[in-house]
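Analysis of the macromolecular model
Single-letter residue listing:
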Amino acid sequence: MKIVGKTDIGLVRRSNQDTFRIKTFNGGSCLLLVCDGMGGARGGDIASPIAADAFSEAVTARFRPEMGDGEAVLVLKDALEAANRAVYQKALDEPELMGMGTTIVAVLVTGQKAYAAHVGDSRLYLFRDGDLSQQTKDHSYIQDLLDRGEITPQEARIHPRKHIITRVLGVAPMVEPDILSLDLLAGDRLLLCTDGLSGPCTDEEIAGVLAANGVQEAVDTLVDLAKAGGGYDNITIVAAECESGIHMED
Ligand code: CA
């Protein structure tokens, strides 16, 4: 699997509150994750790496290449809880951080399967045979309006309240898990990103870049595209391409 990760502060923000992690296991399995922190000047900076590390450690402690669907799902659920607890506990310990939280989208790839967990509006996309499909469903106010048919996708793109998310990691003692699984094919690409990419760039634009570029060039080009769209937010992307063997970049 060829994997590339990149984070960029963007053109406007004074800090980068996004975090990504890429962890490879013996045998070609890997864990990819992206977090988008929030909660004031300090809180977001702190929440996203705490969640990323707690999640990664929890998965690493229990990962087995031979684990089946049920076990993989359970490991991700428990990792989400561990990440949630870690952020929440930090805010209890340091009350000035109270209310900080983070999104997370994490994918465990093992064999020909991918298992994903997510909270918030960071996304997982699958790019297969030239088609880009969003696999995660945003936990956001706008997604709720879309689900109820109250706005169109076009209206959603420019809605003034599109930054409001309805589920966050770390702000309460428990978090509701959202887990999915995918069967992978050779040549499939997985794209994880924060809303710093999916906000300014349409799915069509993202698909066009993926179709025209290798993984490294695609990630660089997508970051540039998000900046060309204003760069109002931190931009974070992890992209992976399914092939035989492991090949790491960045
Ligand atoms: Ca963001």
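First things first, this report covers the structure right here in the doc. The model shown is predicted, which means the values in this text are computed figures rather than measured ones.

Quick look at the overall build of the protein
When helices and strands are tallied, the protein shows seven helices and twelve strands. For the protein, whose C-alpha radius of gyration is 17 Å, the value lies close to the compact-globule estimate of 18 Å for 250 residues. For the protein, the spread of C-alpha atoms along the principal axes amounts to about 45 × 40 × 35 Å. Across the 250 residues that make up the protein, the buried fraction comes to 50%. Nonlocal contacts in the protein, meaning residues at least 24 apart in sequence, comprise 70% of its contacts between residues at least 6 apart. Element-wise, carbon and sulfur atoms account for 50% of the exposed surface of the protein, whose accessible area totals about 10900 Å². Across the protein, the 23 positively charged side chains and the 38 negatively charged ones have centroids separated by 3 Å.

Let's talk about the coordination of the calcium ion
Surrounding the calcium ion are the protein donor atoms Asp-36 (OD), Asp-36 (OD), Asp-195 (OD) and Asp-233 (OD), which sit 2.2 to 3.2 Å from the metal. On the primary sequence, the residues serving as donors to the calcium ion are separated as D-x158-D-x37-D. One end of the pair, Asp-36, is in strand S3 (residues 30-38); the other, Asp-233, is in the loop between helix H7 (215-228) and strand S11 (235-241), with 197 residues separating them in the sequence.

Examining unusual backbone geometry
Even without being glycine, Asp-129 reaches a positive phi, approximately 50 degrees. Among the residues examined, Asp-129 registers a relative accessible area of 75% and is labelled exposed.

Conventions used here
- Residues numbered from 1 in each chain as written.
- Predicted model: local features only at pLDDT ≥ 70, side-chain atom pairs only at ≥ 80, totals over all residues.
- Heavy atoms only, no water.
- Helix = DSSP H or I, 4+ residues; strand = E, 2+ residues; numbered from the N terminus.
- Rg over C-alpha atoms; globule rule 2.2 N^0.38 Å.
- Buried < 20%, exposed > 50% of the residue type's maximum accessible area, 1.4 Å probe, protein only.
- Contact = heavy atoms within 4.5 Å.
- Areas by Shrake-Rupley, 256 points an atom, 1.4 Å probe, with all protein chains shown as cover.
- Lys, Arg positive; Asp, Glu negative; His and termini not counted.
- Charge placed at Lys NZ, Arg CZ, Asp CG, Glu CD.
- Donors = N, O, S within 2.8 Å, 3.2 Å for Na, K, Ca; no water.

Just geometry here; none of it tells us what the structure is for.
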